[in-house]
Amino acid sequence: MRERPKSAKLWVTCMFMCMVICFDIIALVTPDREFSENENRMLAQKPTFSSKSLSDGSFGKDAEKYLSDQFAGRDVWSTLSFFTKNSVFKQREMNGVYIGDDGYLMLIPSACDPASLDDKLAAVNAVAERFGDLNQCMMIVPNAVTVLADRLPQYAPVSEQPQQLEYISDNLHGVKFCDVSGTLNDAAYKGEEIFYHTDHHWTSKGAYLAFCQAAPDLQINPNNVRFVVYTASESFEGTLASKSGCHSFKDKIEIYVPKKEIPISVTYFDKDEMRGTLYETGALDTKDQYALFLGGNHPTVTIRTTAETGRSLLLIKDSYANCFAQFLTPFYDQIIIIDPRYCYDSVDMVIRQNGITDILYLYNADTFLTDASLVDFLAMQPAQENE
Amino acid sequence: MSLTSISFVFIFLPASVVLYRIVPGIGRNALLLLLSVLFISWGNPADMVLIALSIVFNYFTALELAHLRRSGGTLMKRLVLGSGIAANLALLVFFKYVVFLLNNIGALTGIQFHLTLPQAPIGISFFTFSAISCLCDVAKGDEDAILNPLDFALYIAFFAKITSGPIVKFREMAGQIRQRSLSVQSLEEGFKLFITGLAKKVIIAGSLGTVYNAVKAVPLGSMSALTAWEGALACSLMLYFDFGGYSDMAIGLARIFGFSFSKNFDYPYTSVSMTDFWRRWHISLGSWFRDYVYIPLGGSRVSKKRNIFNLSVVWILTGLWHGANWTFVIWGLYHLGLLLLEKFVLRDITAKIPSLIRSVITFILAVIGWTVFFAEDVAYAALYLLRMAGIGGSGWSDRTGMYLLSGGWILLALAIAGSTPLFASAAKKISTLNKPAAEVIGTLFFALLLLGSTAFMISDTVSSFLYAQF
C-alpha cells in the first residue's frame, strides 16, 4: 500500500506566532490605561525593576498583572469570556452575581450571622430607650434577589430576607419598622423598575414608592409636595456589570425634584465642601454614576433647608439612602446623614449637638444584615466624653 | 512562571521559538537551559538555587555511578545509588512531609511542634523523581550518564516539564538531549497539542472549577445526593482537564523543541477496569513506580503474598506522592483494594460484562475515589460519601442541587464527551479528507481555541482582584 505523503505545513504554527506577535505589538503601541471603566478598578502599571523586586519574585508577579491588565482589547476579552460562560456553558451566576431574566443582574446576598444581628437590634433598641422622645423609624429595603425573585435564574436559592425582615420588625422596641416589601413587590410585579439592571442599588422610583409608604411612620405628608421627574442619565452601567462581566444593558437614572424648589445647602465634612444641591452632576461623567446622589458615600453629610418645619432628622444609612434624601428635604430643616461604615462619631453626641427630633435608619437588607459598624456608632459614650 | 500565564504564552514561548530557530544546533541545549533558568526564577529565584544544588549533586552522583558500573564495584555502586536516592528523597520529605509527620507524631504523643518551613520549590515532586530515575537508569546501565553538565541540567530543569511533569525517564530523554531533529511536522503537532492543552486547562477545567467551588460552598449538613454527585463529577472532570490539559501543553512544548515525550493521559475515563485506568491515567507516574519501586521489589513474579505486599507499598507511596494528608493515603489504599479485587477475585466475572458497562462502573469508581482525594480531611470525605449515597443532608435531590445542575449540566456533559475519543476521532475524520478546506477549518478551530483561552486567562484576573474594589 502506498502511503500518502504526510503534509508538512505550518498552518497552526504560523497562526499561533502571527496572532501572539500581533497582540504583543498592539499592546506595545497602545498607551497604558490607568483605570478600567468596565471593571471599575485601577489597572496595574509597569512594574519597577530592582534587584530586590527580582530576587523576591515580586517583579515576575507584578509583570504578569501588568501584562494581563494592559492586554490589547482587555474589555473585548472579558466580554468574550462572559459570553462563553453565560451563553455556551449556561452558567447562571458570575462572581457572586445572578444573571437574571430581563437583563437584571442581582447581587447574591452574604450570609447573615444571627448573633451579630441581635447585637445590632439591641444597640438600636438601646438608643430608642435613651432617646425615648424622638420619632424613630427603621426602613430595611429588601434586595433585588427578594423583590425580583421571579426574575432569578431557575431554581436559584430562595431569599431568606422576608423572614429576616420579619425578625427585625418583631424585635424592635420603640422604633417603628417601615415595611416597604409589599409596596416594592407590587410595583415590581407591575413591571416598574425598582432596581437598576446593572447595579445593586434601587432606583429613584423604588425609593419614591418606599418613601410614600413610609411617610405616615415618618409623620410627614407626601401629598404636600409634588415632585417632577427628570432623567439624569441613560448610560449608567453599575458595579454589578463590572463584577459579573456582563455589559449588555444601560440603565436610566432619574431624579425627583420638588416642584416648588427650596434652597438647600449640603455640607460634606470629609471634603470640607458646601454645595447648593443634592446632585453631583460631575459623577455622570465617571463610571460610578450613582454617585450623582450626594457624591457617593461620605462619613457625615449635613443638609440644611429653608423648610421651616422645626424638625431635624438623623439619617443613619448605607448608600441606599443617597437617592432617598431627595424626598426628605422639603420636610426637615436639617438632615444629618451618617454612614457608620466610615463615621467614627457617636450617636449620642450627634443627637445632642444637633437638636435631633427624628431618627431614620435606612439600609438595604444585605448591608444591614452583614455590616457590623452600626453597633459601634450606636454604642453609648461615657457622659464626660460628650461634654 | 506558569504555562497558562499571559507572560508565557504571549512573550516567553514565541521568543523561545524564534531564538531556538536562530541559535545554531550546538547552542540549542544551552539556550533551552537558559530559558528554563529564567522560567524557574521568574516566580521565585530561590527555587532556582535549590534546583541548581539538586542538579549539581545528581550530576556528580550519576557520573560516579557510571564509573562504578564500568569498573564493576557492585557494592560501592549500590551504596552510592542508595545514598543518592536517599538524598533526593530527603529533599522531598523535608519540603513536603515533615510538617505532616510532626503533626501525626504530635497527635500520638501529645507533643506540640511549631515548625514553619519555607515554601516548597516549584515542581519538587517531579524533579526529584526525574533525578532518581537518572540515578537508577545509569546504575543499571540502561543509559549512560550525561557528561555535559549543561545537558544534564536541561534534563532536570527543562521548562516544559519542571512544574508538573510528565516525569520523563532518563533513558527516554537522555538520547534526545544529545541528539534530536526538529521536523516541520513535529513543530506543527507541538503547537496543536499546546493550544489544545491550554484550552482544556483554562476554559474547561477553569469553568469546572467554578461548578466544584459552588458545590463546596454548600454545607455538608444540608447537601443532597444530587449536589454531592455534581461536585464529584465536577472535581473528577476538572482534575482530568486540568492535569491532562497541562500534560498536553508540556508534551506539545517539548515537541516544539524537538523532543518526543510519551503521552501522559490516554482517555482514562473510558477505561474498562481499574487496571486499565492506571495504564491510562498519569502514565508517567505509574510507569515510574512500576520501574523504580514495583519491579525492584520483585513485581508480580513472586508469591501471591509478596505480590500483595509489593502492590501495597506502591499504592501507599502513590497516595502519599500526591500530598501529605491521610486522605491521599486512603485514596491510594482504595485504588489498591480495587486493583487487588480485580486481579485476584473478579477476573472471571468482569470478563463477561459488556465493556460499555465496565467503563461506566470504572468511571464511577474513579469518581468516588476523587471525592476522597479532594476532601480536606478524612471526616469530610466520609460525610461527603454518605451524602453521595443519599444518607443524611437533604436527601436525594433539592433546590440547590437543581440550581447547580441547571447552571452546570452543559459543561459537565461537554466535559464527559471531551474525556472520550469522540472529538479527536471526529477531527481525524475531517483531516483525512485532506482537502485544503479541512486544513483551513482545522487552523480556524485552533485559532478559536487560542482566542477563547486568552479570554479566560485575562478575565480570570478580573475576579481575583475585584473584591478589593467593592
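Rules used throughout
- Residues numbered from 1 in each chain as written.
- Chains lettered and ligands numbered in written order.
- Predicted model: local features only at pLDDT ≥ 70, side-chain atom pairs only at ≥ 80, totals over all residues.
- Heavy atoms only, no water.
- Helix = DSSP H or I, 4+ residues; strand = E, 2+ residues; numbered from the N terminus.
- Rg over C-alpha atoms; globule rule 2.2 N^0.38 Å.
- Buried < 20%, exposed > 50% of the residue type's maximum accessible area, 1.4 Å probe, protein only.
- Contact = heavy atoms within 4.5 Å.
- Areas by Shrake-Rupley, 256 points an atom, 1.4 Å probe, with all protein chains shown as cover.
- Lys, Arg positive; Asp, Glu negative; His and termini not counted.
- Charge placed at Lys NZ, Arg CZ, Asp CG, Glu CD.
- Phe/Tyr/Trp six-rings, centres within 6.5 Å; stacked < 30°, edge-to-face > 60°.
- Lys NZ or Arg CZ within 6 Å of the ring centre and 35° of its normal.
- Domains from an automatic or database assignment.
- Buried area = accessible area lost by both parts, 1.4 Å probe.
- Polar contact = N/O pair within 3.5 Å; in protein donor to acceptor, adjacent residues only side chain to side chain.
- Pairing = 2+ DSSP bridges.
- Axes fitted to C-alpha atoms, helices over the stretch in contact; angles between N-to-C directions.
- Disulfide = S-S within 2.5 Å.
- Parallel < 35°, antiparallel > 145°, perpendicular 65-115°, else oblique.
- Left-handed = near helix turned anticlockwise from the far one by under 90°.
- Nonpolar A, V, L, I, M, F, W, Y, C, P; charged D, E, K, R; others polar.
- Expected span 1.5 Å × (residues − 1).
- Salt bridge = Lys/Arg side-chain N within 4 Å of Asp/Glu carboxyl O.
- Patch = residues over 30% accessible without salt bridge, like charges linked within 9 Å, V, L, I, M, F, W, Y side chains within 5 Å.
- pLDDT = per-residue confidence, 0-100.

**Considerations on the overall build of chain B**
Working step 1: Helix and strand counts for chain B stand at 20 helices and 0 strands.
Working step 2: Against the compact-globule benchmark of 23 Å for 470 residues, chain B has a radius of gyration of 23 Å, which places it among compact chains.
Working step 3: Along the first, second and third principal axes, the C-alpha atoms of chain B reach 70 × 65 × 55 Å.
Working step 4: For chain B, the proportion of its 470 residues judged to be buried stands at 52%.
Working step 5: Sequence-distant contacts, at least 24 apart, represent 77% of the contacts inside chain B between residues at least 6 apart.
Working step 6: Carbon and sulfur atoms make up 68% of the accessible area of chain B, which totals about 20,400 Å².
Working step 7: Of the charged side chains in chain B, 35 are positive and 23 negative; the average position of the first set lies 6 Å away from that of the second.

**Quick look at the overall build of chain A**
Working step 1: Within chain A, the secondary structure is distributed over 15 helices and 15 strands.
Working step 2: Along the first, second and third principal axes, the C-alpha set of chain A runs to 100 × 50 × 45 Å.
Working step 3: Within chain A, residue pairs in contact and separated by at least 24 positions form 72% of the contacts whose partners lie at least 6 positions apart.
Working step 4: Within the structure as shown, chain A displays about 17,700 Å² of accessible surface, and the carbon and sulfur contribution to it stands at 53%.
Working step 5: In chain A, 34 positive and 52 negative side-chain charges are present, and the distance between their average locations comes to 10 Å.

**Quick word on the packing of aromatic side chains**
Working step 1: Enumeration according to the criterion identifies 74 aromatic pairs over all chains in this entry.
Working step 2: Centroid distance A:Phe211 to A:Phe324: 6.1 Å. Interplanar angle 70°. Geometry classified as edge-to-face. Of this pair, A:Phe211 sits in helix α9 (residues 204-218) while A:Phe324 is found in the loop between β13 (312-317) and α11 (325-328), placing the two residues 113 residues apart along the sequence.
Working step 3: You can call A:Phe324 buried: its relative accessible area is 0%.
Working step 4: Here the aromatic rings of B:Phe265 and B:Trp281 are separated by 5.0 Å at their centres, their planes lie at 85°, and the arrangement is edge-to-face. Highlighted residues: B:Phe265 in the loop between α10 (225-256) and α11 (274-280) and B:Trp281 in the loop between α11 and α12 (283-294), separated in sequence by 16 residues. Take B:Phe265 and B:Trp281: they sit in the same class, and that class is buried.
Working step 5: Looking at B:Arg28, its charged tip hangs above the ring of B:Tyr20, at a distance of 4.8 Å from the centre.
Working step 6: The ring of B:Trp321 carries B:Lys96 above its face, with NZ or CZ at 5.3 Å from the centroid.

**Regarding the domain arrangement of chain B**
All names here are of chain B.
Working step 1: Domains assigned within chain B are domain 1 (6-180) and domain 2 (186-458).
Working step 2: A straight line from the C-alpha centre of domain 1 to that of domain 2 covers 26 Å.
Working step 3: Counting residues at the interface gives 38 residues for domain 1 and 35 residues for domain 2.
Working step 4: For the pairing of domain 1 and domain 2, the buried interface totals around 3,200 Å² over both sides, and the portion due to carbon and sulfur atoms is 74%.

**Comments concerning the side chain of B:Ser5**
Working step 1: Residue position: B:Ser5 is located in the segment before α1 (6-22).
Working step 2: Exposure remark for B:Ser5: the relative accessible area of 8% places this residue in the buried category.
Working step 3: In terms of polar contacts, B:Ser5 uses its side chain to reach the backbone carbonyl oxygen of B:Ser2, at 2.8 Å.
Working step 4: When near neighbours in sequence (up to four residues on either side) are disregarded, B:Ser5 contacts A:Glu64 and B:Met457.

**Concerning the sheet that holds strand β15 (residues 358-364) of chain A**
Residues and elements named next belong to chain A.
Working step 1: If you walk across this open sheet you meet the 8 strands as β7-β6-β15-β13-β14-β12-β10-β11, and the pairing is mixed. Lying at the two open borders of the sheet, with one neighbouring strand each, are β7 (176-177) and β11 (273-275).
Working step 2: The pairing of β13 with strand β14 (residues 334-338) spans 5 bridges and is parallel. Of the residues in β14, the one forming a bridge with Leu 315 is Ile 337.
Working step 3: Running at roughly 160° to β13, helix α12 (residues 347-354) makes contact with β13, β14 and β15 of the sheet.

**Regarding the state of the cysteines**
Residues and elements named next belong to chain A.
Working step 1: Applying the stated rule across the entire model yields 0 disulfides over all chains.
Working step 2: Cys 18 supplies the cysteine sulfur nearest to Cys 22, a cysteine that is in no disulfide, at a spacing of 6.4 Å.
Working step 3: Left without a disulfide partner, Cys 137 is nearest to the cysteine sulfur of Cys 178, which lies 4.4 Å away.

**A few points about the side chain of B:Ser41**
Working step 1: Note that B:Ser41 resides in helix α2 (residues 28-43).
Working step 2: Polar contacts involving the side chain of B:Ser41 include one to the main-chain carbonyl oxygen of B:Val37, which spans 2.6 Å.

**Details of the packing of α12(B) against helix α13 (residues 304-321) of chain B**
All names here are of chain B.
Working step 1: The interhelical angle for the contact between α12 and α13, taken along N-to-C directions, is 135°, at an axis separation of 11 Å. Classed by the angle they form, the pair α12 and α13 counts as oblique. Seen along the crossing, α12 lies across α13 with a hand that is right-handed. Seen from α12, the contacting residues are Leu 285, Phe 289, Val 293 and Tyr 294; seen from α13, they are Asn 307, Asn 310, Leu 311, Val 313, Val 314, Leu 317, Thr 318 and Trp 321.
Working step 2: Residues that form the contact of α12 with α13 fall into these classes: 9 nonpolar, 3 polar and no charged.

**What to know about the sheet that holds strand β3 (residues 93-94) of chain A**
Sheet strands pair by backbone hydrogen bonding; their relative direction is either parallel or antiparallel.
Residues and elements named next belong to chain A.
Working step 1: Judged by pairing direction, the sheet is antiparallel, and its 3 strands sit side by side in the order β3-β4-β5 without closing on themselves. Each end of this open sheet is capped by a strand with a single partner; those strands are β3 and β5 (105-107).
Working step 2: Two elements, β3 and strand β4 (residues 97-99), share 2 bridges in a ladder whose sense is antiparallel. Bridged to Met 94 within β4 is Val 97.

**A few points about helix α6 (residues 124-140) of chain B**
All names here are of chain B.
Working step 1: Spanning 17 residues, α6 covers 24 Å between terminal C-alpha atoms, matching the ideal 24 Å at 1.5 Å per step.
Working step 2: For α6, the buried fraction is high: 16 of the 17 residues fall into the buried class.
Working step 3: Backbone geometry just downstream of α6 places Gly 141 in the positive-phi region, at approximately 90°.

**Description of the environment of B:Phe456**
Working step 1: Looking at where B:Phe456 falls in the secondary structure, it is placed in helix α20 (residues 436-466).
Working step 2: Sequence-wise, B:Phe456 and B:Ile203 are 253 residues apart; in three dimensions their C-alpha atoms are separated by 6.2 Å.

**Comments concerning the interface of chain B and chain A**
Working step 1: Taken together, the contacts link 56 residues of chain B with 57 residues of chain A.
Working step 2: For the pair chain B and chain A, the summed buried area comes to about 5,300 Å², and 70% of that belongs to carbon and sulfur atoms.
Working step 3: Our count for the chain B to chain A interface comes out at 1 salt bridge.
Working step 4: Summed over the shared surface of chain B and chain A, the number is 10 residue pairs in polar contact (both at pLDDT 80 or more).

**Observations concerning the pattern of salt bridges**
All names here are of chain A.
Working step 1: By the definition in use, this model includes 31 salt bridges over all chains.
Working step 2: Residues Arg 275 and Glu 280 are paired through a salt bridge, measuring 2.8 Å at the closest nitrogen-oxygen approach.
Working step 3: Taking the relative accessible area as the measure of exposure, Arg 275 reaches 31% and is therefore partly exposed.
Working step 4: Overall, the relative accessible area of 13% leaves Glu 280 in the buried class.

**What to know about a nonpolar patch on the surface**
Residues and elements named next belong to chain B.
Working step 1: Taken together, the side chains of Leu 89, Val 93, Leu 101, Ile 105, Ile 111 and Phe 113 define a hydrophobic patch exposed on the protein surface, amounting to about 470 Å² of accessible area.
Working step 2: Those elements that place two or more of their residues in the nonpolar patch are α4 (74-96) and α5 (98-109).
Working step 3: Mapped onto the elements of the fold, Leu 89 is located in helix α4.

**A closer look at the confidence of the model for chain B**
Residue and element names in this part refer to chain B.
Working step 1: Averaged over all residues, the pLDDT of chain B is 91; the fraction at 70 or higher stands at 98%.
Working step 2: For residues 462-470, every residue scores under 50 in pLDDT, and the model assigns this stretch 20 contacts once sequence neighbours within four places are set aside.
Working step 3: Confidence estimates for the predicted assembly give a pTM of 0.87 and an ipTM of 0.90.

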